[in-house]
Amino acid sequence: MDEAANAGISEPLDLVKLALGERVFVKLRGDRTLTGVLHAYDAHMNLVVSQVEESIHSVDVTDDGQPLPPRVDRRNVDMLFVRGDGVILISPAQQ
């Protein structure tokens, strides 16, 4: 926590500012996750992210209601605008 105080962090969005230009992990509503380079954000948590890998996690069910094994669909996008009302979490990406 001392590092945060030394970096001039006085409010939550200051932490996001430190991640500009860095790879971040973003968890979204609807069981979606993103990993990419953060270029911009605003107070509503709208994000502009490049070099994005999006993962969509889903579980389908059979006709009789039995769950099938979880499935993860992935896609890559060069540049993506993310609307802030869908953002749940932002953190530095795992290396």
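Everything numeric in this text was worked out from a predicted model, so none of it was measured. (Residues numbered from 1 in each chain as written. Predicted model: local features only at pLDDT ≥ 70, side-chain atom pairs only at ≥ 80, totals over all residues. Heavy atoms only, no water.)

So, about the overall build of the chain. When helices and strands are counted, the chain shows two helices and five strands. When the helices and strands of the chain are placed in sequence order, the string is α-α-β-β-β-β-β. Relative to the 2.2 N^0.38 estimate, which gives 12 Å for 95 residues, the radius of gyration of the chain is 16 Å and therefore markedly larger than a compact globule would have. Judged by the C-alpha coordinates and their principal axes, the chain covers about 55 × 30 × 25 Å. A burial count over the chain gives 29% of its 95 residues as buried. Considering only contacts in the chain between residues 6 or more positions apart, those separated by 24 or more positions represent 44%. As presented, the chain carries roughly 6,800 Å² of accessible surface, and 52% of it is formed by carbon and sulfur atoms. Averaging the coordinates of the 9 positive side-chain charges in the chain and doing the same for the 15 negative ones gives two points 4 Å apart. (Helix = DSSP H or I, 4+ residues; strand = E, 2+ residues; numbered from the N terminus. Rg over C-alpha atoms; globule rule 2.2 N^0.38 Å. Buried < 20%, exposed > 50% of the residue type's maximum accessible area, 1.4 Å probe, protein only. Contact = heavy atoms within 4.5 Å. Areas by Shrake-Rupley, 256 points an atom, 1.4 Å probe, with all protein chains shown as cover. Lys, Arg positive; Asp, Glu negative; His and termini not counted. Charge placed at Lys NZ, Arg CZ, Asp CG, Glu CD.)

Under the defined criterion, the tally for this structure stands at six salt bridges. E54 serves as the salt-bridge partner of R32, at 2.7 Å between the closest nitrogen and oxygen. Here R32 is found in strand 2 (residues 32-41), whereas its partner E54 is found in strand 3 (residues 47-58), with 22 residues between them in sequence. For E54, a relative accessible area of 5% corresponds to the buried category. When the shortest N-O distance is used, the salt bridge between R75 and E54 registers 2.4 Å. Here the residue R75 occupies a position in strand 4 (residues 71-82), and E54 occupies one in strand 3, the gap between them amounting to 21 residues. Within this structure, R32, E54 and R75 form a network of salt bridges that share partners. (Salt bridge = Lys/Arg side-chain N within 4 Å of Asp/Glu carboxyl O.)

Taken residue by residue, the chain gives an average pLDDT of 90. The fraction at 70 or more is 92%. Ranking the helices and strands of the chain by mean pLDDT puts strand 1 (residues 23-28) first, with 97, and helix 1 (residues 2-6) last, with 55. (pLDDT = per-residue confidence, 0-100.)

The strand order across the open sheet built from five strands is 4-3-2-1-5, with neighbouring strands paired in antiparallel fashion. With partners counted over all chains shown, the strands left at the sheet margins are strand 4 and strand 5 (87-92), one partner each. Averaged over all neighbouring strand pairs, the angle between strand axes comes to 25°, with direction disregarded. In the sheet, strand 3 pairs with strand 4 via 11 bridges, with the strands oriented antiparallel. Pairing of S58 across the sheet is with R71, part of strand 4. (Pairing = 2+ DSSP bridges. Axes fitted to C-alpha atoms, helices over the stretch in contact; angles between N-to-C directions.)

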